[in-house]
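Coordinate inspection notes
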Amino acid sequence: MSSSAATREIVQTFEPIDRDALTALSERGRSDPTVVKTVRARTVAEGRRFRHLTYVRNLEAHVVDEPPALLGDDTAPNPTEALLAALGTCVAVGLQANAIARGWTVRGIEIESEGDINITSVWGTGDLSEKAVGLTAVRLKARLDIEGATPAELDELVAHAGQWSPVLNTVKNPVSVSLARV
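Residues numbered from 1 in each chain as written. Predicted model: local features only at pLDDT ≥ 70, side-chain atom pairs only at ≥ 80, totals over all residues. Heavy atoms only, no water.

1. With respect to the pattern of salt bridges
Quick note on the threshold: Salt bridge, as used here: a side-chain nitrogen of Lys or Arg that lies within 4 Å of a carboxyl oxygen of Asp or Glu. Numbering goes from the N terminus for both helices and strands, where a helix is a DSSP run of H or I of at least four residues and a strand is a run of E of at least two. Only protein chains enter the accessibility calculation, which uses a 1.4 Å probe; a residue whose area is less than 20% of its type maximum is buried, one above 50% is exposed, and one in between is partly exposed.
Under the counting rule described, the total for this entry stands at 10 salt bridges. In this structure, the salt-bridge partner of Arg143 is Glu110, at a minimum N-O distance of 2.8 Å. Residue Arg143 is found in strand 5 (residues 135–147), and its partner Glu110 is found in strand 4 (residues 105–117); the two are separated by 33 residues along the sequence. In this structure Glu110 comes out as buried when scored by relative accessible area, which is 14%. Across the salt bridge formed by Arg139 and Glu114, the nearest N and O atoms sit 2.9 Å from each other.

2. Focus on the nonpolar core
Threshold: Buried residues of nine kinds, namely Ala, Val, Leu, Ile, Met, Phe, Trp, Tyr and Cys, make up a nonpolar core once their side-chain atoms join them within 4.5 Å. Here a residue-residue contact requires only that any non-hydrogen atoms of the pair lie within 4.5 Å.
If you look at the biggest cluster of nonpolar residues, it comprises 18 residues, and the most contacted ones within it are Leu95, Ile146 and Leu157. Secondary-structure elements contributing two or more residues to this core are helix 3 (79–101), strand 4 and helix 4 (151–164). Not counting chain neighbours up to four residues away, the residues in contact with Leu157 comprise Leu95, Asn98, Ala99, Arg102, Trp104, Leu144 and Ile146.

3. Topic: helix 2 (residues 19–31)
So the rule is basically this: Expected helix span is given by 1.5 Å per residue-to-residue step, counting one fewer step than there are residues. N or O atoms within 3.5 Å of each other form a polar contact, as long as, within protein, one can give a hydrogen and the other can take it, and as long as residues adjacent in sequence are counted only when both atoms are side-chain atoms.
Between its terminal C-alpha atoms helix 2 stretches 18 Å, which fits the 18 Å expected from 13 residues at 1.5 Å a residue. At the N-terminal end of helix 2, a side-chain oxygen is found 2.8 Å from the backbone nitrogen of Asp20, two or three residues along, and the residue is Asp18.

4. Some thoughts on the packing of aromatic side chains
Worth spelling out the cut-off: Put simply, two rings from Phe, Tyr or Trp (the six-membered ring, in Trp's case) pair if the centres are within 6.5 Å, and we call them stacked under 30 degrees between planes, edge-to-face over 60, tilted for the rest.
Taken as a whole and assessed by the stated rule, the structure comprises 1 aromatic pair. Ring centres of Phe50 and Trp123 lie 4.9 Å apart, and the angle between their planes is 55°; on these two criteria the pair is classed as tilted. One end of the pair, Phe50, is in the loop between strand 1 (42–45) and strand 2 (52–55); the other, Trp123, is in the loop between strand 4 and strand 5, with 73 residues separating them in the sequence.

Set out below in structure tokens:
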């Protein structure tokens, strides 16, 4: 993180989520803990080098690209950066929900995420010697501006959010993944 980013304040334009709606959502989860929802995304190669469009629900396309060093046009985050963004966002959502559930006032949340990756295999076209493929370490740092909580409570909040973050746990724990041509 640059020194200017390290010293900037969290933006104070936080619109809180509805605590009653959060309670109702939580109760639905408690009423049937066996519910599994399938989420979907469709990724389409746009035909412009490594630029891809991913469609989720009825939202506008989410663009993913590569930087020039990886032969892309640098128009959007690359896939690994998008994964870090999803990871940080999922943790931030968990922090916000749990702070609200505890009756605290959230004024700001910022998650700084970084990861280490060896890119010499170049998607299987470069150095194919044995090595870890993908991120080998991920570091997340939470900057919180939450009123009503002690430092110890904030530490526990961060640990709790990490324990229950779906994306963090998908990255951290083995998960069944299949890839097949259709």
